[in-house]
Amino acid sequence: MNIVVQKFGGTSVRNLECQRQVMQKVLRPYREGNKVIVVLSAMAGETNRLLELAKEWSDNPDPAEADSLISTGEQISCALFAMLLKQQGVKCRSVLGFQAPVRTDCAYGKARITNIDAPKLKDILQEYDVLVVAGFQGCDDCGRITTLGRGGSDTSAVALAAALKADVCEIYTDVPGVFTTDPNMCSGARKMDRIAYDEMLEMASMGAKVLQIRSVEFAKKYNVTVHVRSTFSDEPGTIVTQEDESMESVLVSGIAYDKDQAQITLVHVMDQPGVSAQIFSPLADQKILVDMIVQSPSKDNLTDMTFTVPRADVDQTIKTLEKLKYEIGYEELTHNLNVSKVSIIGVGMRNHSGVASRAFRALADENVNILMISTSEIKVTCLIDDKYTELAVRTLHKAFNLEEGNQKE
Ligand code: ADP
Ligand code: ASP
Ligand code: MG
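Because the structure is predicted, anything quoted here is derived from the model rather than measured.

Q: So what's going on with the pairing of strand E16 (residues 332–345)? Which residues, and what values?
A: As paired elements, strand E13 (residues 254–270) and E16 share 11 bridges and run antiparallel to each other. The residue of E16 that forms the bridge with aspartate 258 is lysine 341. As defined by bridge partners, E16 adjoins strand E18 (residues 379–385) across 7 bridges and the pair is classed as antiparallel. Bridged to serine 340 within E18 is isoleucine 384.

Listed below in structure tokens is the structure:
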């Protein structure tokens, strides 16, 4: 049984006309005799609408009920699309997360897939040629509905491709592939033919929402080739795959930004062993992703600890740390929501110096102040005032000649 996995995002399924275009993409592998797993997102804007409803109903929506609510977006697109396909005489049905089942842990709102029942899905595929699977959702061991975090349908698709050993996982979206930066922000952005898993992982974790981070982790771990391409054209997109030599000859491959960030500072904590663990362990226990961490030089054995968290987690972070104020022993907690992260990414940086200084110079020439800096082997990240995000992205894109492709000098 040859299985093709295709995922279509929110803008691709937003109305009947778009779903008809999606249908043409699905009918192609179907007519070639393949079994097709179609993973769908909710119609564009629907997940946000449902989240707003939850906020209207409750100041602090119960996480399990919130998941039950927001998972309905995908249920709607799947049921409607299956109707459309059936009308064409295709043997198909919709499959919700709990029906597949896609098993997850019980971290509502950001659940992780623990298992997919591949034999059961293959059984269902004996009877049907196309399964329209709801992305973004699963169920925990208690049978409650969970969701996988924003953009989670990408992860559903790659996990299904891995479990069913599909040759490739096609991610159809509203842009023709992965670009050197967000093409909707920078007109000079260039489409990449191929990108290495590690680079894509950094791009995604630094905010390039074209793929959810977890989907790239899955793809890398299970060696699934991912093809990111447009629903609305036939041109080939970007292949996300193993790194090879030609990729390494590029110094910087992309610029990513993330506006969903918040900066938190604990003023005057004791500079002594165990303090970092006291601050960050309770946050990790709640699965809050702390990213950049800077500890200022200590004076009189006191230091300031500054770090970033996703903006959505800021209230929970503050609440948690305020409860521990006397245990940790800090003087004051301040936070800043008007920040964004801009990152330069490239596997070629590993053996090349000077990337960071070139970036700092370019930002300085535009008068963009850098609040925090962090680096890894293949990335440099700057935290800046979010009103300069667009300027910083365009400036860095230009500084590294990404429009033309920047081979190492
Ligand atoms: P979908 O609803 O299909 O999942 P998303 O909105 O989640 O689509 O992701 C696609 C969007 O990602 C694009 O419209 C684009 O604005 C944004 N994006 C950010 N960075 C990049 C990048 N480097 N390459 C392509 N798209 C990017
Ligand atoms: N509908 C969900 C979201 O908007 C999941 C997805 O689109 O991938 O985040
Ligand atoms: Mg998406």
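Q: Can you lay out the site of ligand 2 for me, pointing to particular residues and giving the numbers?
A: Around ligand 2 sit Ser41, Ala42, Thr47, Glu74, Phe136, Arg150, Gly151, Gly152 and Ser153, and that is every residue in its neighbourhood. Measuring from an oxygen atom of ligand 2, one finds a backbone N or O atom of glycine 151 at 2.9 Å. Glycine 152 has a polar backbone atom sitting 3.4 Å from an oxygen atom of ligand 2. Its free accessible area being 260 Å², ligand 2 has 86% of it covered by the protein chains. Here the residues of the shell around ligand 2 sort into 2 nonpolar, 5 polar and 2 charged.

Q: I'd like to hear about the packing of aromatic side chains, residue by residue, with values.
A: Per the counting criterion, the structure on display carries 3 aromatic pairs. Ring centres of phenylalanine 218 and tyrosine 222 lie 5.8 Å apart, and the angle between their planes is 25°; on these two criteria the pair is classed as stacked. Of the two residues, phenylalanine 218 and tyrosine 222 both sit in helix H8 (residues 213–222), 4 residues apart, roughly one turn of that helix. Here phenylalanine 280 and phenylalanine 307 contribute two aromatic rings whose centre-to-centre distance is 5.0 Å and whose plane-to-plane angle is 80°, an arrangement assigned as edge-to-face. A residue pair is termed long-range when its members are at least 10 positions apart, and phenylalanine 280 in helix H10 (residues 275–285) and phenylalanine 307 in strand E15 (residues 302–310) qualify at 27 residues.

Q: Run through the side chain of threonine 147, naming residues and quoting values.
A: Take threonine 147: it is sitting in strand E8 (residues 145–147). Accessibility expressed as a relative area gives 0% for threonine 147, which makes it buried.

Q: Please provide a residue-by-residue account of the sheet that holds E15, values included.
A: Strand order in this open sheet of 6 strands is E14-E15-E13-E16-E18-E17, and the pairing throughout is antiparallel. Of all strands in the sheet, those bounded by a partner on one side alone are strand E14 (293–295) and strand E17 (372–376). Across the sheet, the axes of successive neighbouring strands diverge by a mean angle of 25°, strand direction being ignored. Strands E13, E14 and E15 of the sheet are contacted by H10, whose axis makes an angle of about 20° with E15.

Q: Run through the environment of asparagine 401, naming residues and quoting values.
A: By the secondary structure assignment, asparagine 401 is in the segment after helix H14 (389–399). C-alpha of asparagine 401 to C-alpha of glutamate 65: the two residues are 336 residues apart in sequence and 48 Å apart in space.

Q: Describe the site of ligand 1, and please don't skip the residues or the numbers.
A: Residues in close proximity to ligand 1 total 17 residues, the closest being Thr173, Asp174, Phe179, Asp182 and Asn184. Between ligand 1 and the protein, one listed contact pairs a nitrogen atom with a backbone N or O atom of phenylalanine 179 at 2.9 Å. Within the side chain of asparagine 184, a nitrogen or oxygen atom sits 2.8 Å from an oxygen atom of ligand 1. Coverage of ligand 1 by the protein chains reaches 88% of its 570 Å² of free accessible surface. Taken together, the residues of the shell around ligand 1 break down into 7 nonpolar, 6 polar and 4 charged.

The rules behind the values
Residues numbered from 1 in each chain as written. Chains lettered and ligands numbered in written order. Predicted model: local features only at pLDDT ≥ 70, side-chain atom pairs only at ≥ 80, totals over all residues. Heavy atoms only, no water. Pairing = 2+ DSSP bridges. Helix = DSSP H or I, 4+ residues; strand = E, 2+ residues; numbered from the N terminus. Near = heavy atom within 4 Å. Polar contact = N/O pair within 3.5 Å; in protein donor to acceptor, adjacent residues only side chain to side chain. Areas by Shrake-Rupley, 256 points an atom, 1.4 Å probe, with all protein chains shown as cover. Nonpolar A, V, L, I, M, F, W, Y, C, P; charged D, E, K, R; others polar. Phe/Tyr/Trp six-rings, centres within 6.5 Å; stacked < 30°, edge-to-face > 60°. Buried < 20%, exposed > 50% of the residue type's maximum accessible area, 1.4 Å probe, protein only. Axes fitted to C-alpha atoms, helices over the stretch in contact; angles between N-to-C directions. Contact = heavy atoms within 4.5 Å.

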